[in-house]
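Chain by chain, the residues:
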Amino acid sequence: MTGSRTITRRSLLGVAASASLATLTGCNLGAGGGKSAGGGGGVTLNVWGGVPNESGPDDMCKAFMAEHPGTTVTYTRYVNDDQGNLKLDTSLSGGVPIDLYFSYGPVPMFKRSTAGLALDLTDKIKAESDFAALTADAKPLSNYVLDGKLYGLPAARAPQQVYINKAMMDAAGIKLGKTWTVDEFVEVARELTKPGVFGTLTAPVLARPALGPNYLYADGGKRSNFGNPWFAKELELALQLQKAKVAMDRQTIIAEKLQTFSQNPFIAGRVAMLIQSGQIIRSINDTKGYPHEFATYCMPVPVPAGTEGWNTGQIGDQISISPKSKSPDQAWELAKFWARNAGKYMTKGGRLPLLSGESTPDQILEQLLGPQRDTLYDVKSWKSTLFESGLKLPVDTIFTAGTEISTIHQKLTDETLLGDRTVASWVTEATRQSDAAIAKAGK
Amino acid sequence: MSAAVLAAPVSRQARRGPGGASARAGWLFILPNLVGFLAFTLVPLVSGIGISFTDWNVVSGLDGIRFVGLDNFAALIRDTGFWQAVGRTVLYAGVGVPLTMTGGLIIALCLNGPVFGRSALRVIFFIPHIVSSIAIGFVWLLLLHPSNGLVNLALQAIGVADPPSWLVSQDWSLVSLILITSWAGMGFHAVIFLSALQALPEDLYEAAELDGAGRWRQFTTITWPSLMPTTTFLAIMSMIGHSQGFGLIAFLTQGGPGDSSTTLSYLMYQNGFQYYRFGYAAAIGMMSFIGVLLLSAFFWRFQRGRGMYS
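The rules we used
Residues numbered from 1 in each chain as written. Chains lettered and ligands numbered in written order. Predicted model: local features only at pLDDT ≥ 70, side-chain atom pairs only at ≥ 80, totals over all residues. Heavy atoms only, no water. Helix = DSSP H or I, 4+ residues; strand = E, 2+ residues; numbered from the N terminus. Rg over C-alpha atoms; globule rule 2.2 N^0.38 Å. Buried < 20%, exposed > 50% of the residue type's maximum accessible area, 1.4 Å probe, protein only. Contact = heavy atoms within 4.5 Å. Areas by Shrake-Rupley, 256 points an atom, 1.4 Å probe, with all protein chains shown as cover. Lys, Arg positive; Asp, Glu negative; His and termini not counted. Charge placed at Lys NZ, Arg CZ, Asp CG, Glu CD. Domains from an automatic or database assignment. Core = buried A, V, L, I, M, F, W, Y, C linked by side-chain atoms within 4.5 Å. Axes fitted to C-alpha atoms, helices over the stretch in contact; angles between N-to-C directions. Parallel < 35°, antiparallel > 145°, perpendicular 65-115°, else oblique. Left-handed = near helix turned anticlockwise from the far one by under 90°. Nonpolar A, V, L, I, M, F, W, Y, C, P; charged D, E, K, R; others polar. Pairing = 2+ DSSP bridges. UniProt positions renumbered as here; feature names shortened; annotations may be inferred. Polar contact = N/O pair within 3.5 Å; in protein donor to acceptor, adjacent residues only side chain to side chain. Patch = residues over 30% accessible without salt bridge, like charges linked within 9 Å, V, L, I, M, F, W, Y side chains within 5 Å. Salt bridge = Lys/Arg side-chain N within 4 Å of Asp/Glu carboxyl O. Phe/Tyr/Trp six-rings, centres within 6.5 Å; stacked < 30°, edge-to-face > 60°. Lys NZ or Arg CZ within 6 Å of the ring centre and 35° of its normal.

**Looking at the overall build of chain A**
When you go through chain A residue by residue, the secondary structure sums to 18 helices and eleven strands. For a compact globule of 443 residues, the expected C-alpha radius of gyration is about 22 Å, and chain A comes in at 24 Å, within 12% of that figure. Based on the C-alpha atoms only, the size of chain A along its principal axes is roughly 80 × 55 × 45 Å. Buried positions account for 53% of the 443 residues belonging to chain A. Restricting the contact set of chain A to residue pairs at least 6 apart, pairs at least 24 apart contribute 76%. Of the roughly 19,700 Å² of accessible surface on chain A, a fraction of 53% belongs to carbon and sulfur atoms. Each charge class in chain A can be summarised by its mean position, and for the 46 positive and 43 negative side chains these summaries are 5 Å apart.

Right under this line is the structure:
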């Protein structure tokens, strides 16, 4: 008889202990969870990242395990917000077995590497010929360098682009070239503004495209740069477009939390243009969750005339290896595989690969825009914007009090756009508060 | 009789003393609670106090903890942002606590009489207390939308030409949070007040009525003094709740616009979880704790001897 079985206290405790251990180690045992099938045998690599499993990481892990039969890869998703990052940080410093992890942006990556939670990858990156653009001495710089060392292998580029409702654009008879200036963007936004429709969700920014890398800092990072006239010009333009009802008012943006859910008014047809990075592709492709009938046209972010025209996005998805990893060599193998194959597996989650590897622009676009690309997108404009417009992604090297400065900037900008503060007062306060934060961080 | 009691032999059980079998059994029974108290109350409390004297960013692990003495407290005293947050917290609790309690008391007094559907009404008033703060926040987010929210549409319908922007206004964000928090807390206060009201002896009211005391006189001389211990308990609990209030603020305003709704608890979150200044955040927590402790002691002292049955 094998039918019935008694649950003993010991077996119950065993199950409880296993479940606790699985929880502690971040294992996701549920269906569709992090433990991708296959592999088995010797080494297990634990990866923590912010992209949902089904948007690429599971496929990436499976592909790696197929090529490395002795290795099992477990992907655990953390949400890339304050709480999620803290969870990763405490897990890393607290000894949870993590071999590889992703940081989204240089500030959290350097916070971790400064605290000794990331291996120095400088020599490893230099040893790979196809990573030549990512070395610490590459020109132009395409990777984030801290005191001459590299602690992350970037896997994605996250440029911002302008999403345009093509139906509205066609109805207005607007024809666009491959690039545009801020003045041209404003003109188009005015033409697209109709009762119940804002021409754009937000005004374009001017300081970053004009000033490029380290635009927030002056004197090599000793003080902030908010006294630079581009910041005041940027705010004045935003106020002007808001007043003319060409851009959505800040009050509604805050009330509806559209800083986070910016895709909603665009897909709902409340705004004709949206300046945003690639992750909203997931919402546009999800026609059940976000039903809409228009195609999305793509343009590069507009640049102030006569400037270098830096993009407002960044290089992203930095892969780091934990110094506590028991298999750092295998972890590096996986990191390289991830960076080289990001075009093949991660693009469907809206993440453009930094290294195209063997993927052609058409293949990347096919992945990015999904199976409904011919109805949901103007594919030609996407190809032109992402691969033919000479995108210039700035790579910052100064990050002193980065999080504090970003919070100060956002709060004061909200106050100004809500009409509670003048532009001149914004400049004074942004400078004063940021300089104080820089001084405090420098102690 | 007392002599007999005094002369009674000490039982065998008692003679076993603190190390006896029954004492061990006693320890065993309280062990789960004791472990819980140690792990989830005492250790975090002591750690919190300890961290407030350090400079620690959590990422650097335990090795990265640097003892800085009273530096965090000295910096706090010089920090205008901290004092502004103290002011907002005092306003938030100073207006929110009386408002919640008054609302709760009025509801309780109404439900204490012969009201149709009293049980159903009690449940209805209690619902906001058991619903998650995110659900409450979401509903109020829609109701207080500056242009499409029902509240402003209603205000416009009765002739208010320029209604407030509520959560999106620097002038109104804290007011909105006070109103929402008070609304959410009234049901709980009403239920507690109601149980206290129902425990009051009926004969006092009958005697007062015979002496010609009206409703208001009965309330001021019997009901209110009798409710003093309940009121003090609720005042302390509500004050602690307001000083720790975080969920609704984090969901509805994130301390903004600007800093207009950044209370002490949100400032602590911002320093700890956004800027990773855990020592500084713990110092804010300690200052907040001391403030609440002093106020609680004051309330407790104030009510002593004032309750009808105390």
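**Re the overall build of chain B**
Scanning chain B from N- to C-terminus turns up 15 helices and two strands. Relative to its length of 310 residues, chain B is extended, with a C-alpha radius of gyration of 25 Å against a globular reference of 19 Å. Here chain B, with 310 residues, has 40% of them falling under the buried criterion. Once local pairs closer than 6 in sequence are excluded, the contacts in chain B between residues at least 24 apart make up 65%. Of the accessible surface of chain B, which amounts to about 17,500 Å², a share of 70% is contributed by carbon and sulfur atoms.

**Some points on the domain arrangement of chain B**
You can read the domains of chain B as domain 1 (22-51) and domain 2 (80-303). Put simply, the middle of domain 1 of chain B and the middle of domain 2 of chain B, counted by C-alpha atoms, are 32 Å apart.

**Section: the nonpolar core**
Residues and elements named next belong to chain A. One finds L153 and W338 to be the most contacted residues of the largest nonpolar core, which totals 49 residues. Sorting the residues of this core by element identifies β1 (43-49), α2 (57-67), β2 (71-77), α3 (82-94), β3 (100-103), β4 (153-158), β10 (314-321) and α13 (328-345) as the ones contributing at least two each. Counting 48 residues, the second largest nonpolar core, distinct from the first, contains V162, F226, L237 and V301.

**Side note on the packing of helix α9 (residues 229-243) of chain A against helix α17 (residues 402-417) of chain A**
All names here are of chain A. Axis separation between α9 and α17 bottoms out at 10 Å; the angle between their running directions is 40 degrees. Put simply, α9 runs oblique to α17. Judged by the twist between their axes, the crossing of α9 over α17 is right-handed. The residues of α17 that touch α9, namely those facing L235, A238, L239 and Q242, are T413, T416 and L417. Split by residue class, the contact of α9 with α17 holds four nonpolar, three polar and no charged.

**Side note on the sheet that holds β4 of chain A**
Residues and elements named next belong to chain A. On the basis of which strands lie adjacent, the open sheet formed by six strands has the order β2-β1-β3-β10-β4-β11 and mixed pairing. Two strands in the sheet have a free side with no partner beyond their single neighbour: β2 and β11 (352-353). Here β4 runs beside β10; their pairing, made up of five bridges, is antiparallel. Across the sheet, residue A156 finds its bridge partner in β10, namely G316.

**Here we look at the UniProt feature "transmembrane region" (unreviewed entry) in chain B**
Under the UniProt annotation, the feature "transmembrane region" (unreviewed entry) is placed at residues 25-53, 90-111, 123-143, 172-197, 233-255 and 275-300 of chain B. Each end of residues 90-111 of chain B is marked by a C-alpha atom, and these two atoms are 31 Å apart; helix forms 100% of the span and strand 0%.

**Quick look at the side chain of N143 of chain A**
Residue and element names in this part refer to chain A. Summarising the element assignment, N143 is placed in the loop between α5 (122-126) and β4. Within the local environment of N143, its side chain forms a polar contact with the backbone oxygen of L134, the two atoms lying 3.1 Å apart. Engagement of the side chain of N143 in a polar contact is seen with the backbone oxygen of G152, the distance being 3.2 Å.

**Quick notes on the packing of helix α9 (residues 173-198) of chain B against helix α12 (residues 228-244) of chain B**
All names here are of chain B. As a packed pair, α9 and α12 sit with axes 11 Å apart at the nearest point and diverge in direction by 155 degrees. In terms of orientation, α9 and α12 fall into the roughly antiparallel class. Crossing handedness for the pair α9 and α12: right-handed. The segment α9 lies against α12, with T181, F188, H189, I192, F193 and A196 engaging T230, T231, L234, S238 and H242. In terms of residue class, the contact of α9 with α12 is made up of five nonpolar, six polar and no charged.

**Let's talk about a nonpolar patch on the surface**
There is a patch of nonpolar side chains on the surface, built from F37, L38, L42, L45, V46 and I49 of chain B and spanning about 480 Å² of accessible area. Take V46 of chain B: it is sitting in helix α3 (residues 21-51).

**Observations concerning the packing of aromatic side chains**
Per the counting criterion, the structure on display carries 31 aromatic pairs over all chains. One aromatic cluster is present, formed by W56, F246, Y266, Y269, F273, Y276 and F278 of chain B through successive ring pairs. The aromatic ring of W310 of chain A is capped on one face by K392 of chain A, whose charged end is 4.4 Å from the ring centroid. Here K440 of chain A stacks its cationic end above the ring of Y280 of chain B, 4.6 Å away from the centre of that ring.

**Some points on the interface of chain B and chain A**
Put simply, an interface is often sized by how much accessible area is lost when its parts join up. With 27 residues of chain B at the interface, the matching set in chain A holds 25 residues. At the boundary of chain B and chain A, one finds two salt bridges. The shortest N-O distance in the salt bridge between E404 of chain A and R277 of chain B comes to 3.1 Å. The interface formed by chain B and chain A contains eleven residue pairs in polar contact (both at pLDDT 80 or more). Broken down by element, the residue count for the side of chain B that touches chain A peaks at four residues, all from helix α14 (residues 264-274) of chain B.

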